[in-house]
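# Remarks on the overall topology
Below are the chains, spelled out letter by letter.
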Amino acid sequence: MFHPELQGGRYGVAGDPVPYSVHNDNIITSLLLACFIFAVIAFANARRFIIRQAKDFIYLPHEGTTEFTETSNEFRFQLTLVLITSLLIALLFYFYTLRYIGETFVLRSQYTLITIFMGITVAYFLLKTGLYSVVNHVFFDGKRNQQWIKALLFIISVEGVLVFPAVVFGAYFELDTESVMYYVIFAVIIVKMMTIYKCYIIFFRRNVVHLQIILYFCTLEMIPLLVYWDVLVITANNLKINF
């Protein structure tokens, strides 16, 4: 008993390994804590910028109004918020994968799976922004395109803020998966309503045929979202181990 290097009998029986739990994962906890700390520090340092963006989003733009140009620090701040939103969405889908798709994968680490989900999410945001830029460049002027890119970055940041409680409550307060899904669906609906509102304000407020906004919204917002979801599901199914 005092010399484990010697071959001999052992007392007792082997126990079952402790099952994996998200709230016991130190790396995921560190990521969420870092996101929260960054959000608090960013709001404290860029409070005026955030308030200005919120006002610009709500109020109608007037012709001839002087627009503020973001500094390089503010632009990097917006891109960082987009990355944080991508990470939070990737964690949400990772929780969904563990619950509905599988728990064992061909990857060496589950953090690689989270990284893949995050990469797909970043690619989705980049693709959607690129599609918006190409279509808007054809049909609208450069000033309105610039207004829309600013609004889109703000909407993605708001999406991250709305998704953060779902990640925390789903991981650490043992909230059932169905309730988390309902909340996420509600948050997505709010984000899409914000998107269609800003599309109408910037591009279609002066148009007589309002049917155009429905085609515009479905083509550039809903179809990429459905493709993004399918890509995530297909990726998770291809990486899981089937017994």
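Each remark here, short or long, concerns the structure printed above.
### Some thoughts on helix 6 (residues 177–204)
With 28 residues, helix 6 should cover 40 Å at 1.5 Å per step; its first-to-last C-alpha distance of 39 Å lies within 8% of that length. Those residues of helix 6 lying buried are V180, A187, V191, K192, M194, T195, K198, C199, I201, I202, F203 and F204.

### Quick word on empty space enclosed by the protein
What the rule picks out here adds up to 1 cavity of 30 Å³ or more. Taken as a whole, the largest cavity encloses approximately 30 Å³ of empty space. K128, L152, I155, I156, E159, V191, K192, T195 and E221 are the residues that line the largest cavity. Mapped onto the lining of the largest cavity, the elements with two or more residues apiece are helix 5 (142–172) and helix 6. With 4 residues, helix 5 is the single largest residue contributor to the lining of the largest cavity. Counted by class, the lining of the largest cavity contains 4 nonpolar, 1 polar and 4 charged residues.

### Considerations on the nonpolar core
Membership of the largest hydrophobic core comes to 52 residues, with the highest contact counts inside it found for L91, Y94, F117, W148, V167, F203 and Y216. Looking at this core, the elements that each hand over two or more residues are helix 1 (26–45), helix 3 (72–100), helix 4 (110–139), helix 5, helix 6 and helix 7 (211–239).

### Focus: a nonpolar patch on the surface
Judged by side-chain polarity, Y182, I185, I189, M193, I196 and Y197 come together as a nonpolar surface patch covering roughly 610 Å² of accessible area. Relative to the elements of secondary structure, M193 occurs in helix 6. Owing to a relative accessible area of 54%, M193 belongs among the exposed residues under this scheme.

### Looking at the packing of aromatic side chains
According to the stated counting rule, one finds 10 aromatic pairs in the structure shown. Between F36 and F164 the ring centres are 6.3 Å apart and the planes differ by 15°, which places this aromatic pair in the stacked class. Note that F36 is positioned in helix 1 and F164 in helix 5, a separation of 128 residues in sequence. Taken together through their ring pairs, the aromatic side chains of F93, Y96, Y100, F117 and W229 make up a single cluster.

Conventions adopted
- Residues numbered from 1 in each chain as written.
- Predicted model: local features only at pLDDT ≥ 70, side-chain atom pairs only at ≥ 80, totals over all residues.
- Heavy atoms only, no water.
- Helix = DSSP H or I, 4+ residues; strand = E, 2+ residues; numbered from the N terminus.
- Expected span 1.5 Å × (residues − 1).
- Buried < 20%, exposed > 50% of the residue type's maximum accessible area, 1.4 Å probe, protein only.
- 1 Å grid on protein atoms, 1.4 Å probe; cavity = no way out; pocket = protein on both sides within 12 Å on 5 of 7 lines; lining within 4 Å.
- Points joined across faces, edges and corners; volume = space filled by probe spheres on them.
- Nonpolar A, V, L, I, M, F, W, Y, C, P; charged D, E, K, R; others polar.
- Core = buried A, V, L, I, M, F, W, Y, C linked by side-chain atoms within 4.5 Å.
- Patch = residues over 30% accessible without salt bridge, like charges linked within 9 Å, V, L, I, M, F, W, Y side chains within 5 Å.
- Areas by Shrake-Rupley, 256 points an atom, 1.4 Å probe, with all protein chains shown as cover.
- Salt bridge = Lys/Arg side-chain N within 4 Å of Asp/Glu carboxyl O.
- Phe/Tyr/Trp six-rings, centres within 6.5 Å; stacked < 30°, edge-to-face > 60°.

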